[in-house]
Amino acid sequence: SNLIISLSFIFNNLEMQCDKKNKITTFLTKPIYDELVIVENNLFDSHMYKEVIKQYDEVSDLINLDSNIRERLKLPQRSLVVTFPFRRDEYDDVETVVGYRVQHVLSMGPTKGGIRYAPDVNLGEVTALAILMSWKSAIVGLPYGGAKGGVAIDPNPLTRAEKQRVTRRYTAELLPIIGVDKDIPAPDLGTDEQTMAWIMDTYSNFVGSPQPGIVTGKPVSLGGSITRRESTGRGAVAVGQAAMEKIGKNYKDSRVVIQGFGNVGRYAALDSYERGAKVIAVNDLGGAVFNKDGLNIPELFKHIAKNPSVKGFEGGEDYEGEILEIECDVLIPAAVGGVITSSNAEKIKTNVLIEGANSPTTLNADKILRENGVMIIPDILANAGGITASYFEWVQNTQNYLWKESELHEKLIDVMITSFEEVWTISQKQNCDLRTAALIKGIKRVAAAKLTRGLFP
Ligand code: GLU
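All values reported here derive from a predicted model rather than from experimental measurement. The residue count restarts for each chain, going from 1 along the sequence in the order it is written. pLDDT decides what is reported in this predicted model: residues at 70 or higher carry local features, side-chain atom pairs at 80 or more are listed and counted, and totals for whole chains, interfaces and linings draw on all residues regardless. Hydrogen atoms and water are omitted, and side-chain values are computed over all heavy atoms in the structure.

**A closer look at the site of the ligand**
Working definition: residue near molecule or strand if any one of its non-hydrogen atoms lies within 4 Å of it. Around the ligand sit 14 residues in total, of which Lys-112, Lys-136, Pro-187, Asp-188 and Ser-390 are the nearest. Lys-112 places a side-chain nitrogen or oxygen 2.8 Å from an oxygen atom of the ligand. For this analysis, a polar contact is any N or O atom pair within 3.5 Å, provided that within protein one partner can donate a hydrogen and the other can accept it, and provided that sequence-adjacent residues contribute only side-chain to side-chain pairs. Side-chain polar atom of Asn-358 to an oxygen atom of the ligand: 3.0 Å apart, as the coordinates give it. Surface burial for the ligand is 94%, taken as the share of its 300 Å² of free accessible area covered by protein chains. Residue assignment for the shell around the ligand shows that the elements contributing at least two residues are strand S6 (111-118), helix H3 (123-139), strand S8 (183-187) and helix H11 (385-399). Of the residues contributing to the shell around the ligand, the split by class is four nonpolar, five polar and five charged. Accessible surface area values rest on a Shrake-Rupley calculation with a 1.4 Å probe, where residue burial reflects the displayed protein chains alone. The helix count covers DSSP runs of H or I at least four residues long, the strand count covers runs of E at least two residues long, and both are numbered beginning at the N terminus. Classification convention: Asp, Glu, Lys, Arg as charged; Ala, Val, Leu, Ile, Met, Phe, Trp, Tyr, Cys, Pro as nonpolar; all other residues, Gly among them, as polar.

**Brief notes about the sheet that holds strand S15 (residues 375-377)**
Strands pair, by our definition, only if DSSP identifies at least two bridges between them. Pairing is mixed in the open sheet, where seven strands are placed in the order S12-S11-S10-S9-S13-S14-S15. Edge positions in the sheet fall to strand S12 (317-319) and S15, since each has one partner strand and no second. Shown here is a sheet whose adjacent strand axes are inclined to one another by a mean of 20 degrees, direction ignored. The axes are straight lines fitted to the C-alpha atoms, using for helices just the contacting stretch, and the angles between their N-to-C directions are given from 0 to 180°.

**Describing the packing of aromatic side chains**
Two aromatic rings are characterised by how far apart their centres lie and by the angle between their planes. Only rings of Phe, Tyr and Trp enter the pairing, Trp through its six-membered ring, and a pair is recorded when the two centres are within 6.5 Å. The plane angle decides the type: under 30 degrees is stacked, over 60 is edge-to-face, the rest tilted. One pass over the full model with this rule turns up twelve aromatic pairs. With a centroid separation of 6.0 Å and an interplanar angle of 75 degrees, the aromatic rings of Tyr-144 and Tyr-391 are classed as edge-to-face. Highlighted residues: Tyr-144 in the loop between H3 and strand S7 (145-152) and Tyr-391 in helix H11, separated in sequence by 247 residues. Judged by its relative accessible area of 0%, Tyr-144 falls in the buried class. We classify Tyr-391 as partly exposed; its relative accessible area is 24%. Among the aromatic residues, those joined into a ring-pair cluster are Tyr-144, Tyr-391, Phe-392, Trp-394, Tyr-401 and Trp-403. Distance and angle both matter: a charge sits over a ring if NZ of Lys or CZ of Arg is within 6 Å of the ring centre and within 35 degrees of the ring normal. Positioned over the ring face of Tyr-91 is Arg-87, at 4.1 Å from the centre of the ring. For each residue, the accessible area found with a 1.4 Å probe, counting protein chains only, is set against the maximum for its type, and the residue is called buried under 20%, exposed over 50%, and partly exposed in between.

**Comments concerning the side chain of Asp-433**
Relative to the assigned elements, Asp-433 resides in the loop between helix H12 (405-430) and helix H13 (434-453). Polar contacts involving the side chain of Asp-433 include one to the main-chain amide nitrogen of Arg-435, which spans 3.2 Å. Of note is the side chain of Asp-433, whose polar atom sits 2.6 Å from the side chain of Thr-436.

**Thoughts on the confidence of the model for the protein**
For the protein, mean pLDDT is 92; residues scoring 70 or higher make up 91% of the total. Residue-level confidence of the predictor is summarised by pLDDT, bounded by 0 at the bottom and 100 at the top. What makes two residues a contact is simply this: any of their non-hydrogen atoms within 4.5 Å. Between residues 1-32, whose pLDDT stays under 50, and residues either more than four places distant or in other chains, the model counts 73 contacts.

**Here's the deal with the packing of H12 against H13**
Contact geometry of H12 with H13 gives a least axis separation of 8 Å together with a crossing angle of 110 degrees. Taken together, the axes of H12 and H13 are roughly perpendicular relative to one another. Across the interface between the two elements, Ser-419, Phe-420, Glu-422, Val-423, Trp-424, Ile-426, Ser-427 and Gln-430 from H12 touch Leu-434, Ala-437, Ala-438, Ile-440 and Lys-441 from H13. Taken together, the residues of the contact of H12 with H13 break down into eight nonpolar, three polar and two charged. Reported orientations rely on four angle classes, namely roughly parallel under 35 degrees, roughly antiparallel over 145, roughly perpendicular from 65 to 115, and oblique for the rest.

**Comments concerning the pairing of strand S13 (residues 330-333)**
The side-chain alternation of S13 yields two buried faces, one formed by Val-330 and Ile-332 and the other by Leu-331 and Pro-333. Relative to S13, strand S9 (residues 255-259) is paired through four bridges, and the arrangement is parallel. By the bridge assignment for S13, Ile-258 is matched with Ile-332. Across two bridges, the pairing between S13 and strand S14 (residues 352-354) is parallel. Pairing of Leu-331 across the sheet is with Leu-353, part of S14.

**A word on unusual backbone geometry**
Pro-457 follows Phe-456 through a cis peptide bond whose omega is -5 degrees. Along the chain, the position of Pro-457 falls in the segment after H13. The backbone phi angle of Ser-359 is positive, close to 55 degrees, even though this residue is not glycine. Locating Ser-359 in the fold gives a position in the loop between S14 and helix H9 (363-371). Judged by relative accessible area, which is 12%, Ser-359 ranks as buried.

**Focus on the packing of helix H4 (residues 160-174) against helix H5 (residues 193-207)**
At a minimum axis distance of 9 Å, the contact between H4 and H5 shows a crossing angle of 45 degrees. Considered as vectors, H4 and H5 are oriented oblique to each other. Where H4 crosses over H5, the two elements pack in a sense that is right-handed. Counted together, Arg-160, Lys-163, Gln-164, Thr-167, Arg-168, Thr-171 and Ala-172 of H4 and Gln-194, Thr-195, Trp-198, Ile-199, Asp-201, Thr-202, Tyr-203 and Phe-206 of H5 form the full contact between these two elements. A class-by-class count of the residues in the contact of H4 with H5 yields five nonpolar, six polar and four charged. Crossings are assigned a handedness: left-handed for a near helix turned anticlockwise from the far helix by less than a right angle, right-handed for a clockwise turn.

**Here we look at the nonpolar core**
Take the buried Ala, Val, Leu, Ile, Met, Phe, Trp, Tyr and Cys residues and link them wherever side-chain atoms come within 4.5 Å; each set so joined is a nonpolar core. Ranked by size, the top nonpolar core spans 113 residues in total, and within it Trp-135, Tyr-251, Ile-258, Val-282, Ile-332, Ile-354 and Ile-377 carry the most contacts. With sequence-adjacent residues up to four places away left out, Val-282 is seen in contact with Ile-258, Phe-261, Gly-287, Ala-288, Val-289, Leu-295, Leu-300, Val-310 and Ile-323. Judged by nonpolar contacts, the second largest core, of 19 residues, contains Ala-281, Phe-290, Ile-340 and Ile-348.

**Some thoughts on the side chain of Asp-57**
Tracing the sequence through the fold places Asp-57 in helix H1 (residues 47-63). The exposure class of Asp-57 is buried, given its relative accessible area of 19%. A polar side-chain atom of Asp-57 sits 3.2 Å from a polar atom in the side chain of Arg-70. Sequence-distant contacts of Asp-57, defined by excluding residues within four places in its chain, comprise Arg-70 and Lys-74.

**A few points about the pairing of S7**
By the criterion of burial, S7 is predominantly enclosed, with eight of the eight residues buried. What you see with S7 is no split at all: Gly-145, Ala-147, Gly-149 and Val-151 on one side and Gly-146, Lys-148, Gly-150 and Ala-152 on the other are buried throughout. Judged from the five bridges that link them, strand S5 (residues 94-103) and S7 form a sheet pairing that is antiparallel. For Arg-101, the partnering residue across the bridge sits in S7 and is Gly-149. As paired elements, S6 and S7 share six bridges and run parallel to each other.

Below you can see the structure in the form of structure tokens.
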């Protein structure tokens, strides 16, 4: 078997990237994140990992975290690296790709987190994201530890058949460590409902019976939850509105700019529009569209159903500049990580930043934005609607129970607002920003679970 638990040292300090045809090449880390104080170099190191650990260290100091727990939580409990071949549609063309699944903490229940397909996915990034998933679950009070997975491949040039083969083989490689009550994947960057359907089908074939609870974010026809697709974007806007009310502002009077028009960005746009806010600009990989009076988002949904990009939408003008730098009241980065750094933070002209994506803001940029008076709703709270709706989907699958759409929406908003209020209270008591307050809540809960269970053996 080409299963390697705890990894071979070959991968130490190497990161994998794929060229256009997705063949593996090794290269030195791309410096897209700000340089930080070097943390002890380990197998799981990466720019994003350094950021996550620096954040964690600062909060651990603040809450005087037990030193044994503190060191333990810096490393994931279980990591799997696999390499596997997949066949291109041209039959003779076989390529080898690298896949990962990292489970951070196994103390509170099964682990949970998405799977991303992107060319620069590496062990360090997946580990950092798995750690963030632990804090995220704990902040919204779900009975999960954090996990994340990924395949180092660009999904965009792949045909449907190629994507299907990659997904099925990756799932087969993950079999020893995933399971309905072990580790439950979900969509993330570059994966979607169809990807989850293939994972469910592959897993079910190995087990010998249908296993809808093995993934969340599935199509509704397979037991997916009707509100899962919309929940991350809608949850982010709900928390954004609650946060703005605290500072005497109203979401509906806002000009909103959204980077990314995927699952998160498009429903954040729709929710903003439905609340009466003006969504003045959105973009995707193909370009950007701008309208100072607000884009008609339902019309933009119709446009995107027939066209590859938001660019070219008749209800606005194509926009060539940097969308993050447009003056607005609410900015929602809802695409990839590491987009707001110390090199562009000064150019951001918004009052409120809602982090729809995971890790869009570096720590240096976070500091600059706060000094400039920007209120930041951090990813681990703002985008927690995704995993919350995933939890409802998983409960429905494991209990064979069905909630109505309105009940699911109500439950989602209830969890998001209750969690926000708790984080807000911590921020007031500790006189700290919302990211620190959210981390305090998440880290304390995970640490308490580990301490209470005690040490085996
Ligand atoms: N990938 C999403 C996230 O980063 C959702 C994870 C899930 O639903 O398990 O939060």
